Amino acid sequence: MKRNTHHQFAIIALFSLVFISCNKYLDVTPKGVQMLRTVRDYDLWLNNTDLETSLPSNLNLLSDQSDKPAISSILTTTDDRVYTWQAQFIEEAPGNAALWQNYYKAIYLYNTLITGIDAATGGTEQERKKLKAEALLGRAFEYLGLVNLYGKSYNPATASQDLAVPFVTSIDVTEPVPDRSTVQQIYDRIIGDITAAIPDLPANNNINRFRGSVSGAYGVLARTYLYMGNYAKASESAQLALNNGPNIILDYTPLADAKGIPHLIKRSDAIYARLGGLSYLGSETPTLAFLKSFEKTDLRLKLYYRLLGDFSFTERGRTTFWHAGAIAGGYINWGISVAEMRLAIAEAAVRANDLTKACDELDAVRKKRFPIASYQKYSSTDKEQVFQKVMAERNYELAYTGTRWFDMKRLDAEGRMPVVNRYNGLGEVIATLSPGSNKYTLQIPVQVMYYNSGWKQNPL
Amino acid sequence: MYEILHAIKHGMKPYAFKILLTMKLTTLLIFFGLLQVNASSRAQVTITNKRITLEMVFKEIQKQAGYDFFYNNDLIRKLPPVSLNLKNASVTAVLDQSLAGQPFQYKVINNSVVITARIISATVDKDVPVRIEGTVKDEKGKPIPGVTIMVKGRTAAATKTDKDGHYVLMGVDDEDTLIFRYLGYAIKEVVIGSKRIIDVRLEQIESKLDEVTISTGYQQIKLEQSTGAASVINLKEYDSRINTTDFLTGLQSKIPGLLINNDIEFEGNSLFQIRGISTINGSKQPLIVIDGYPTELSLATINPNEIESVTVLKDAAASAIYGVRASNGVIVIERKKAKVGKTSIGFRSTLSLTPKENYERYRWDKEGADIAVNYARETNGTSALVSWILMNNVVAGSINTFTPPVNIMAQQAAGVITKAEADKQFAELGNYDNAAEYGRLFLQTAATQTYNLDFSGGTENALYYITANYSDSDLSQVKNGNNRFGLSGRLNLKFSKRFSMELNTNFQESKSNSVPIPKINNLYTYERLQDENGNALPIFYGSNMNPFYNKMIMSLGLFDNMNYPVRDMNEVSDQTHTINNRVTTNFRYDLGKGLNINLGAVYETARSDTRHLASENSTQVRQLVNRYTESGTNGLIYNLPKGGYLSQIAASTESYTVRAQVNYNKRIAEDHSLNLIFGSEVRRVLNKSNSSGNFGYSDETLLQRPVNYITIQNTAFVTPYAKSNPAISYDGLFAQNYEEDRFLSAYLNAVYSFKNKYSLTASTRIDQSNLFGSDPKNRYKPAWSIGAGWNIEREKFIQNQEWINSFKIRSALGFNGNVAKNALPEVIAKAGLNQFDNTQAMLSLLSPANSRIRWEQTYNLNMGMDYRIFKNITGNIDYYIKRSKELLASNLVDPTKGINAAIINESAIRNNGLEIGLHADWIRRRALNWNTGFVFSHNKSKILKVYNANILPNARSFMYATGGRTSYLEGYAVGAIFNYRYAGVDSKGEALIYDKDGNAKNFYVNDAGLDDVDYVGPSIPAYNLGLSNRVDIGNFYVYAMLNYFGGFSVKIPILDPSVTRPLKGAGNYWKVAGDEAIQGILPALKYRNYNNYMQATDRFNLNGTYITLGDLTAAYSLRGSQFLKKSGLSNLEIRAQASNLYTVAMNKENYSAAIRSYEKSYLTPTYTMSLHVNF
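The text that follows walks through the structure, step by step, so that each part is easy to find. This one's a predicted model, so the numbers in the text were calculated from it and none came from an experiment. (Residues numbered from 1 in each chain as written. Chains lettered and ligands numbered in written order. Predicted model: local features only at pLDDT ≥ 70, side-chain atom pairs only at ≥ 80, totals over all residues. Heavy atoms only, no water.)

**Section: the overall build of chain B**
Note the threshold: A helix here means a DSSP run of H or I that spans at least four residues, while a strand means a run of E at least two residues long, and both kinds are numbered starting from the N terminus. Each residue gets one of three labels from its accessible area relative to the maximum for its type: buried under 20%, exposed over 50%, partly exposed in between, using a 1.4 Å probe on protein chains only. Contacts are assigned to residue pairs that have any heavy atoms within 4.5 Å of one another.
Across its full length, chain B holds 22 helices and 55 strands. Viewed in the frame of its principal axes, chain B has a C-alpha envelope of about 135 × 70 × 65 Å. By the burial criterion, 53% of the 1175 residues in chain B qualify as buried. Counted over contacts in chain B with a minimum sequence separation of 6, partners at least 24 positions apart contribute 69%.

**Topic: the side chain of Asn-400 of chain B**
Here Asn-400 of chain B lies in the loop between helix H10 (384–391) and helix H11 (404–413). If near-sequence neighbours (up to four positions away) are discounted, Asn-400 of chain B is found in contact with Leu-390, Met-391 and Asn-546 of chain B.

**Section: helix H10 (residues 231–244) of chain A**
Residue and element names in this part refer to chain A. Worth spelling out the cut-off: Helix span, expected: 1.5 Å multiplied by one less than the number of residues in the helix. The arc in question is traced by the directions running from the helix axis to the C-beta atoms.
The terminal C-alpha atoms of H10 lie 20 Å apart, and with 14 residues this matches the ideal 20 Å at 1.5 Å per residue to within 8%. All of the buried residues along H10 are Tyr-231, Ala-234, Ser-235, Ser-237, Ala-238, Ala-241 and Leu-242. For H10, the angular spread of the buried residues around the axis is 165°, confining them to a single face. Seen from the open side of H10, the exposed residues pointing more than 90 degrees away from its buried face are Ala-232 and Asn-243. Here the buried face of H10 lies against helix H9 (214–228), strand E4 (270–272), helix H13 (338–351), helix H14 (355–366) and helix H16 (404–413).

**Details of a nonpolar patch on the surface**
All names here are of chain B. Filter applied, for reference: Patch building starts from residues that exceed 30% relative accessible area and form no salt bridge, then joins like charges within 9 Å and nonpolar side chains (Val, Leu, Ile, Met, Phe, Trp, Tyr) within 5 Å. In these tables, accessible area is a Shrake-Rupley quantity obtained with a 1.4 Å probe, and a residue counts as shielded only by the protein chains included in the view. Salt bridges are defined as contacts in which a side-chain nitrogen from Lys or Arg sits within 4 Å of a carboxyl oxygen from Asp or Glu.
Taken together, the side chains of Leu-351, Leu-353, Ile-1134, Tyr-1167, Met-1169 and Leu-1171 make up a nonpolar region of the molecular surface, amounting to roughly 500 Å² of accessible area. Among the secondary structure elements, those contributing two or more residues to the nonpolar patch are strand E23 (341–354) and strand E55 (1166–1174). Following the sequence through the fold, Leu-351 ends up in strand E23. Look at Leu-351 and you get partly exposed, because its relative accessible area is 35%.

**Structural notes on the interface of chain B and chain A**
Applicable threshold: A quick way to say it: buried area is the sum, across both parts, of accessible area lost when two parts are put together, with a 1.4 Å probe. Here a polar contact is taken to be a pair of N or O atoms separated by no more than 3.5 Å, where protein atoms must pair a possible hydrogen donor with a possible acceptor and residues adjacent in sequence count only if both atoms sit in side chains. When residues are sorted by character, Ala, Val, Leu, Ile, Met, Phe, Trp, Tyr, Cys and Pro go into the nonpolar class, Asp, Glu, Lys and Arg into the charged class, and all the rest, Gly among them, into the polar class. Two strands pair if DSSP finds at least two bridges between them.
Of the residues lining the interface, 77 residues belong to chain B; the matching set on chain A comes to 72 residues. Of all residues in chain B, the largest losses of buried area upon contact with chain A belong to Phe-836, Leu-843 and Thr-896 of chain B, amounting jointly to 12% of the total for that side. Across the salt bridge formed by Arg-37 of chain A and Glu-826 of chain B, the nearest N and O atoms sit 2.7 Å from each other. Taken together, chain B and chain A are joined by 14 residue pairs in polar contact (both at pLDDT 80 or more). Tallied by class, the residues present in the side of chain B that touches chain A amount to 41 nonpolar, 21 polar and 15 charged. Relative to strand E38 (residues 828–833) of chain B, strand E1 (residues 34–35) of chain A runs antiparallel, the two being bridged by two bridges. In the sheet register, Gln-34 of chain A faces E38 of chain B, and the bridge partner there is Ala-829 of chain B.

**Focus on the pattern of salt bridges**
All names here are of chain A. Applying the stated criterion across every chain, the model contains 64 salt bridges over all chains. The salt bridge involving Asp-118 is made with Lys-132; its shortest N-O contact spans 3.2 Å. Here Asp-118, found in the loop between helix H6 (100–116) and helix H7 (125–150), pairs with Lys-132, found in helix H7; they are 14 residues apart in sequence, far enough to count as distant. Taking relative accessible area as the criterion, Lys-132 reaches 25% and is therefore assigned partly exposed.

**Remarks on the nonpolar core**
Quick reminder of the rule: Among buried residues, the Ala, Val, Leu, Ile, Met, Phe, Trp, Tyr and Cys ones that are joined through side-chain atoms within 4.5 Å form a nonpolar core.
Formed by 148 residues in total, the largest nonpolar core has its most connected members in Leu-62, Tyr-143, Leu-149, Tyr-305 and Trp-405 of chain A. Ignoring any residue separated from it by four or fewer positions in sequence, one finds Leu-62 of chain A in contact with Val-82, Trp-85, Phe-89, Leu-99, Leu-149, Trp-405, Met-408, Arg-422 and Leu-442 of chain A.

**Description of helix H14 (residues 547–556) of chain B**
Residue and element names in this part refer to chain B. Along H14, the positions that sit buried rather than exposed are Phe-548, Tyr-549, Asn-550 and Ile-553. The elements touched by buried residues of H14 are H10, H11 and helix H16 (619–627). Positive phi shows up at Gly-557, right after H14, with a value of about 115°.

**A look at the environment of Gly-397 of chain B**
Residue and element names in this part refer to chain B. Within the secondary structure layout, Gly-397 lies in the loop between H10 and H11. Sequence separation between Gly-397 and Asn-546 is 149 residues, and the spatial gap between their C-alpha atoms is 7.5 Å. Here Gly-397 is in contact with Leu-390, Met-391, Asn-546 and Tyr-549, once residues within four sequence places are set aside.

**Focus on a positive patch on the surface**
Residue and element names in this part refer to chain B. Going by this rule: Positive charges come from Lys and Arg alone, negative charges from Asp and Glu alone, with His and the N- and C-terminal ends not counted. Think of each charge as sitting on NZ of Lys, CZ of Arg, CG of Asp or CD of Glu.
Taken together, the side chains of Lys-140, Lys-142, Lys-222, Arg-667, Lys-755 and Lys-796 present a region of like positive charge at the surface. Locating Lys-796 in the fold gives a position in helix H19 (residues 796–799). Residue class for Lys-796 comes out exposed when judged on its relative accessible area of 76%.

**Overview of the side chain of Asp-894 of chain B**
With respect to the secondary-structure elements, Asp-894 of chain B resides in the loop between strand E41 (873–892) and strand E42 (901–924). The side chain of Asp-894 of chain B sits in the buried core without any salt bridge; Lys-897 of chain B is the nearest counter-charge, 6.0 Å away. Side-chain polar atoms of Asp-894 of chain B contact the side chain of Thr-896 of chain B, separated by 2.7 Å. The contact partners of Asp-894 of chain B, leaving out residues within four places of it in the chain, are Val-177, Val-448, Tyr-451 and Asn-452 of chain A together with Ile-899 of chain B.

**Quick look at unusual backbone geometry**
Residues and elements named next belong to chain B. Non-glycine residue Ser-253 carries a positive phi angle of around 55°. For Ser-253, the location among the structural elements is in the loop between helix H7 (235–239) and strand E17 (258–266). Judged by its relative accessible area of 1%, Ser-253 is buried. Of note, Asp-291 is a non-glycine position whose phi angle comes to about 50°, a positive value. For Asp-291, a relative accessible area of 12% translates into the label buried.

**Concerning the pairing of strand E31 (residues 635–638) of chain B**
All names here are of chain B. Where strand E30 (residues 629–632) and E31 come together, four bridges link them in antiparallel fashion. The partner of Ser-631 across the bridge, within E31, is Leu-636. The turn joining E30 and E31, which pair antiparallel and follow one another in sequence, is formed by two residues.

**Let's talk about the sheet that holds E38 of chain B**
Read across the open sheet, the three strands follow the order E1(A)-E38(B)-E39(B); overall the sheet is antiparallel. Strands with a single pairing partner mark the edges of an open sheet, and in this sheet they are E1 of chain A together with strand E39 (841–847) of chain B.

This is the structure we're talking about:
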């Protein structure tokens, strides 16, 4: 009997031993994956390539600069549907929400930092603030795209009734999504967040142009005010962006091809760099009208377009635009660049009737875009002509950077957009975007409505 | 004296305890007859025992009274035990009572007792009827009423026992043999001889059945006490066929509820599941347990020749003890064990042959080449000139590749060749079929040889079983093969009465070699692989470039970019070398009183090295070098060095489990017994791998050259010459992978049984793992089960049902789960390099924060019965309901949340089904045996809930029919399939379907959603039946196995003239108005963009039900023959088997999934011969 007690004790001891050491045994740090714990982790988080390529690559397909001569008659691909401004770009629900999800993915990543940075270990308080400011700026930039895609063009009179997109701040996938905010609320958040971020942002982003900086913040503000129609503030912010950071337009005149253009990550004329998905690997098909509008000597044609032929541009689909250049080099910047700021100041100047300033700003851009020998400064005293020149210059300089659709939208709100047609390979009209069309405000994707059936859909 | 001599003569051996026989003999010879002493006066003996053998009685007397005994051991041993209750009795009294009624007498000589057969008087008058009486009792001594007693040779029953089991029989002779028969008991024959009282003890046949235990890997539970659904396949059933290399095939259609089908795939895996699919994201495979421990090693490491039995645990009662990993069921493999005795040696050798493909019997159109050429000509008529411009353009040439007919057209259009020349080339293409050339160059008869040698034997205290096996396979593609060598040893040691140990070691080395062989469907029918001189020719597939552009870049100094399959066979080699090791040890210490402890562990490692070597002449290297070649100012810059390419992957799995377990097995009182185990386990699984790639490599000099990865992996690098060539990925070339899982578990299993009639079981297990990282609340989740069983046949009311030998009902309820990895309540990140810089580190999102992540739960209810009727039919019937909820699925979520998909526990699946197993021994005689095994399983699954349906309510019809979105569709079975109803074509050649009212319309007109399609069932068979028959005639047997898979749908390829090898009828498409009247006409080519819709019509979707004759085996054994006796062998057996002999499908196309490809119209059989030798 004594012997048995002894054994039982041994067994109990053995089992207790196993369980005492149990938590220690299970607490192993996995390899290859990690949790975000330190300030440094969050710093690396902002180097994420997903953030750098956050913009949807098919944004360009909405614009009047894009052609698609090989479009099939039954619109099988998402691109076909985007190109013809269908109410829904993807019908399958739930699933991918074209355009929409690109923005919200970036917002999720920024929210991750905004949510967790205060509890991060290591680093200084200043570093924490700096990273949070960068994330606030990045998130504001994404909302600027969203509010202009899914909300009406900013109109101070109706902005607080016009529905835009939900303002998401949670990172828990089980949290419900908030309701749609108004256009006004979204703009308020954009401006508020950027303004709050400016004091903590770093003075420059020379090491990685995709990261936030004071100049980048003013640059995004300039674009924001421009889209809101607040031209004075747009001009002021653009100037602040130039004053606080890169202000030299990259000179194309000495370049043989795009190989000479440095990589976007360290390029001197990029205030706040961004790319549209994987578009940087590919090309776009310009419409013949857009190609024909170029001056033949325009260096942008030479550097970024292939198969220019004799510049008569008669065959649709033959001449293509390449994001990395006709002979690959530096990518075109979808974010904020020095030239865009100059053109924003120019536009504001025209609208303020300061045509001289407008032409000077135009000159600052254009003289880097034409061969020195043949370059002539543009000048005109006709306000409308200067305005058209500024807008045309925006088209050439910002071609295929995802911005043209937003320009079309605000021009349409001013009643300045003509009818835009889409043609199939036979030249038949297959889609029309009329002035004032509801299509300028995209429908909320069905994949989103699927989960939020209570939302009001944008009118067709 | 006579007695002793007689005894010696008759082989009597002295049961001498102290004194040797020789000494005793002398004494006896001298004093015989002079010194007869009455023993009764000298000693007294006490024996009180209800069941004591005579041998024991004699031993007792010897011990207590000091008498020696002489008797014929063989005779005494056969006698039944006696019941004695004597206190202080004399030796003679004890002997008198012990031998009462026995055909023996005794004589006491001095201190010795000699037992001899009673001399039967030969003068007994035969005419006097003999009266026999006696009692028939069962093993427990209880009288059995109603036992039939017959006299051998007479047909009518002589008598029956009364209610006390007593009988009286008159009119028999001494020579007669009495036969005692009672249902459920072994028949007993007794020769009457001189006996007049014949008491018989019958043995229950079920007593053998009772010995059947279910091995859960943790313990052995008696079948009569088990409450769970478990099926056992024993050696005879498993070993009737020839098992060569794959142990699973031998289980197909043999165990109700276990679905094995290598011919049907779901989600890319062939079917291997128990009781349906009850998880979406988790592993769907059952857990495999060998030697009591789960294995992480590949199933190929299991040598089928070593298998003794396979137990499949299907419900929670049986498998809850495995915790969260058991929701798909458990397969417990017991391996052959050594028997006490001298070394026995077994040798098995098999040879399997599978003939080459016979392309003549494929469903390809005989005019396939012509159809493909015509198709290309028809569709590219207008674009030929453009094609020529594009394919010769520096910028566009590398991405514009066209099939050979288009190349001819382009040349003609550009005036490079004349029309006559073009027509000649077209005719050449149209007349050629490369199937024969393909078969000659790339295929061979597949052959597998296996050798298996085992040694086993040992003593009670040390048993060993050692197996060596080797198998060598040539696969059906030339230069593709593998071989395997395995060695395993099992050792059972008993150190003392209480302390024993078991040690199992397994080693397996396998090597496989292969070379790239294109699939025949990668080749257009008209493509030649070699020219007249045997030189390799390029093919379209994989060339990534048109031949004209290729010539141009070659003239610049780049490599030939074309794909030459015949050359690659000699330029590329793939080798995999795997070493598996497994060691299991178990120590068992018996504490007595039904208590013992087990300490055991298993350690497994698997290392595999994969080596891919491509020479400079291989297509792969040529294309890679071209891909990264740039034009520099001083000529070409080769960013990738010329020379061989070597890519290697080293992967290893390492796991251990350590287990400590206490077993308590005791009959507590007369009617109560308890079997209790509890224990704990520690388990760790580590998976590691790394890979490397070397360029400019020479396998002779081992030299390699550096590569400028910074340049070529920079996103800014754009290839100028070969845009369609595959790129290399630095991350893919040099990858490190490391995954570690740890588990801690505690478990308990209790089986309580009352009067052997009722049993209750309960089990529980708690698993904790590191998978849930920081949140301890998610680590804890017990799995449990409870069950009850009732052996009804032991109840009085059923005992008079003679045809029921055994009948048991049981029911069990339980819960187990499944693990979710890589999802946490917080964001999980993964390190990487910023691809725009390649130096900046970054962290990217791996998994979003999910605060409600938890374990999957599967509730399992099983009701079943086991029966044995008419003595020779056994089986079981089970019905189950499995409800899996909180299933983790990588679900699409609201895109507004910022992610496409998240792992969310919101789905539920219900599986229910019926299983019937039956085994009948129709004839069981010495020279003739016939038995049948039958299995029926039905599984019905229904998705009760998916977190979000893949399909919107009121969705368009194509959402159901195309794109495979319905695998998990709420309200339907797992793998649901929907069909359009094909209605031919309209007058323009466009496809028509029937709407719900039977009116024909185009696909896209008035879409009525679900009404436009029919639900035609799942893609997974709902019914599986197996029927096996074995007939033994003497030493010969035949075994046949039929499989039935039913209740599912299969898709067949659409008839499409654009594919490389058009099927018969692919040319039958609408060409001109009026064609729509032709029966079975296909839509006009211009509507090819509706091919996905066509694929979803009932024309190309069939009822998949099919039957196969899986195995036909014949065997002849020389057991017992003179030849064997002379050669010293104990057995020699020759078997021949044909597998996959025949199949028939229940659809109009007679397409059986067993054939695997619709293109093929016949089943390729495998023929196997085997030789078994035992020493």
